[in-house]
Amino acid sequence: MSRTTRLPSSLLRAAACTGVAALALTACGSGSGSGAGSASAGASSGDVKVGLITKTDTNPFFVKMKEGAEKAAKAEGVQLMTAAGKFDGDNAGQVTAIENMVASGVKGILITPSDSKAIVPALEKAKAKGVLVIALDTPTEPQSAVDALFATDNLKAGELIGEYAKAAMKGKTAKIAALDLAPGVSVGVQRHNGFLKGFGATDKDVACAQDTGGDQSKGQTAMENCLQKEPGINVVYTINEPAALGAYTALKAKGREKDVLIVSVDGGCTGTRAVKDGKIAATSQQYPLKMAAEGVKAVVTYAKDGKKASGYTDTGVTLISDKAQPGVTSKDTAYGLENCWG
């Protein structure tokens, strides 16, 4: 998904194996010679290479994903190669990274596709060369373009916050603003549709819809535009927490921050703290570290015995709020902060 929050310096220092160039391939993990079992006949697991390609390497979500892959690679005794787009949406950069990784002999590639459709030909070429391809977080279109998908159920994530918002409104008439991602991006579409389903609404019930790219400053501008169009907005759905915080800033400037309900998706640490502080009412938390860790393990299994992961693996989602609503299952921010990323 589109996650464009800039990474704090402390997290940048924590992100191992991040190259200076966004698309530079980096080999990390234990390297060859640290055998943790046989990867294939006559080869140690240290000879196995796993590729990880994220949308960017500056977003906390993908930093946590890389951290999960690095820990799993070290535990399994395999080499990890990483690459990322220069920006969210850099399909050409991801294609180059795939080609470079295949040429270097990776056994499997884990990827969060920036363009779910345009990336498909490159992935099919990799599969044709015997590389296991697993999508993380964002499904390809079609999903069958990869061997497997490890991701949040984004429709469910949207449904959870929609159900929460409906319950929190307690029967009041809703005037909804939808601060979305970008046209045609599967994650954004699923979350948006899930929210409407959970709320029991349709697009006709949305008073204002604006794209934000998941960016905080664009979220603020989008909220300002929506308030100008429909001053009576009282429910705000946002694609992610940076967009939610942008919306909060715009609402606060108008003195509306206490009477407008904001709900979101992601469960990053900054966003979870915003829930604790009352800026966001609720968020659906997802788990990027688990996505990557499970992906690495799947490649190791394939390298050892040729068994390919397949289908969709749901890596979980949890509604986080300190203001629980009747009939809606949630956990508080203490749990959220223990399990957040970023």
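All of these numbers come straight from a predicted model, not from anything done at the bench. (Residues numbered from 1 in each chain as written. Predicted model: local features only at pLDDT ≥ 70, side-chain atom pairs only at ≥ 80, totals over all residues. Heavy atoms only, no water.)

1. Things to note about the state of the cysteines
This structure, assessed with the given rule, holds 2 disulfides. Sulfur-sulfur distance for the disulfide between Cys-208 and Cys-226 comes to 2.1 Å. Taking the sign of the S-S torsion, about -75° here, the bridge from Cys-208 to Cys-226 comes out left-handed. One end of the pair, Cys-208, is in strand β10 (residues 206–211); the other, Cys-226, is in helix α7 (residues 216–229), and 18 residues separate them in sequence. An identical accessibility class is assigned to Cys-208 and Cys-226; each is buried. Between the sulfur of Cys-269 and that of Cys-340 lies a disulfide, 2.0 Å long from S to S. (Disulfide = S-S within 2.5 Å. Helix = DSSP H or I, 4+ residues; strand = E, 2+ residues; numbered from the N terminus. Buried < 20%, exposed > 50% of the residue type's maximum accessible area, 1.4 Å probe, protein only.)

2. Some points on helix α9 (residues 269–276)
Taken residue by residue, α9 has Cys-269, Gly-271, Thr-272, Ala-274 and Val-275 as its buried positions. Each element contacted by the buried residues of α9 is listed here: α8 (241–253), β13 (282–285), β15 (318–320) and α11 (333–339). Positioned one or two residues after α9, Gly-278 has a phi angle of 85°, which is positive. (Contact = heavy atoms within 4.5 Å.)

3. With respect to α7
Working note: α-helix, 3.6 residues per turn, so residues spaced by three or four point in the same direction. End to end, α7 covers 20 Å across 14 residues, agreeing with the expected 20 Å (1.5 Å per residue, within 8%). Listed as buried for α7 are Gly-219, Ala-222, Met-223, Cys-226 and Leu-227. Projected down its long axis, α7 carries its buried residues within an arc of 135°, all on one side. Summarising the contacts, the buried residues of α7 are in contact with β9 (176–180), β10, β11 (235–238) and α8. (Expected span 1.5 Å × (residues − 1). Arc of directions from axis to C-beta.)

4. Side note on the sheet that holds β10
Taken in spatial order, the 6 strands make up an open sheet running β10-β9-β11-β12-β13-β15, and their pairing is mixed. The sheet is open, and its two borders are formed by β10 and β15, each paired with just one other strand. Recorded for the sheet is a direction-independent mean angle of 15° between the axes of neighbouring strands. Looking at chain direction, β9 and β10 are connected through 5 bridges and run parallel. What sits directly across from Ala-177, in β10, is Cys-208. Strands in contact with helix α6 (residues 186–199) are β9, β10, β11 and β12 (261–266); relative to β11, the strand with the most contacts, it is inclined by about 150°. (Pairing = 2+ DSSP bridges. Axes fitted to C-alpha atoms, helices over the stretch in contact; angles between N-to-C directions.)

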